[in-house]
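# Coordinate inspection notes
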Amino acid sequence: MTAAREPEGATPAAPALRVLIVDDEPLARGHLKKLLAGDPDVEVAGEYGNGRDAVAAIRELAPDLVFLDIQMPELDGFEVVRQVGPARMPAVVFVTAYDEYALRAFEVYALAYLLKPVDRARFAEVLERAKTQLRRAAPSELESRLSALLDHGAAHARADERLAIKVDGRILFVRIGDIDWVEAEDNHVRLHVGARTHVVRGTLTALERRLPQARFLRAHRSAMVNVERIAEVQPWFGGDYVLILSDGTRVTSGRTYRERVQEFLRRSL
């Protein structure tokens, strides 16, 4: 039996785009997967619920396109891009709850984004745009846009702007300058903001990366303070210190972070 041959001059079918879905909310991942299911040009190569797994998968699988949630615990979407590196990052569609700053930045740097809840018509438009970019844009062009976005985000974080945090399924915006101190508690962190406390899933180290270093001092593996709230520093046993905040809160430094406190005191004197 002779194998069937393609007609002469026929163009071979293009390979399917390999796509990753990254979002910490299972329902959101399921919704995106459902929207992608009807597209014959797309193959969902994997879905991930946190930034760390996403970084490993992008490095290992080298997908063509990633739908990447911005607000995730531990590593947010921007940190995923930073750790993979703009040079190795595939085409990306950012997915976010309403964030005026982020949306302006995506538009300035011509990067695709979807606003939650994701609308079917908008999704189809953005997916088609991503396909066009993959066909036409040089890799160096995407790299330069992602690098510019990260630089823009770093400059933004240095200003007294807002921090987006996910609490009980909602996105809250907290002014960075209003945060008094932060403490770690198992796999959560507590943000003390005046009389209010917000419990957020994630690590203190991940949150530390999102806050301007000049404004916040990591004094202990489980505590970080806004330097503007430090009213007094007292020597403590074994070369450690007690940081007394303006509201009377006392935070004792730890051995690992002792040098950071000492450097803060040198700069302050």
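Everything numeric here is computed off the predicted structure, so don't read it as measured data.

Spatially, the 3 strands line up as an open sheet ordered β13-β14-β15, and their pairing is antiparallel. The open sheet has two free edges, formed respectively by β13 (230-235) and β15 (250-252), since each of these has just one partner strand. Neighbour-to-neighbour, the strand axes of the sheet open up by a mean angle of 20 degrees, direction not taken into account. Both strand β14 (residues 241-245) and β15 contribute to a ladder of 3 bridges, which runs antiparallel. Paired with Ile244 across the bridge in β15 is Arg250. Against the sheet, helix α8 (residues 258-268) touches β13 and β14, its axis set at about 60 degrees to β14.

Moving on, we come to the pairing of strand β6 (residues 162-167). Summarising burial for β6: 5 of the 6 residues are buried, a large majority. Sheet topology places β6 next to strand β7 (residues 170-175); 6 bridges connect them, and they run antiparallel. Following the sheet pairing, Lys166 is matched in β7 by Ile171. Here β6 folds back onto β7 in antiparallel fashion, the turn holding 2 residues, of which Asp168 has a positive phi close to 50 degrees.

This part is about the pairing of strand β4 (residues 91-96). The side chains of a regular strand alternate between both faces of the sheet. For β4, a buried count of 6 out of 6 residues is recorded, marking the element as mostly surrounded by other parts of the structure. Every second residue of β4 is oriented toward a common face, with Ala91, Val93 and Val95 on one face and Val92, Phe94 and Thr96 on the other, all of them buried. Here 5 bridges tie strand β3 (residues 65-69) to β4, and the two strands are oriented parallel to one another. The residue of β4 that forms the bridge with Asp69 is Val95. Here β4 runs beside strand β5 (residues 112-115); their pairing, made up of 4 bridges, is parallel. Across the sheet, the residue bridging to Val95 is Leu114, located in β5.

About the criteria used
- Residues numbered from 1 in each chain as written.
- Predicted model: local features only at pLDDT ≥ 70, side-chain atom pairs only at ≥ 80, totals over all residues.
- Heavy atoms only, no water.
- Pairing = 2+ DSSP bridges.
- Helix = DSSP H or I, 4+ residues; strand = E, 2+ residues; numbered from the N terminus.
- Axes fitted to C-alpha atoms, helices over the stretch in contact; angles between N-to-C directions.
- Contact = heavy atoms within 4.5 Å.
- Buried < 20%, exposed > 50% of the residue type's maximum accessible area, 1.4 Å probe, protein only.

None of this, on its own, says anything about what the molecule does.
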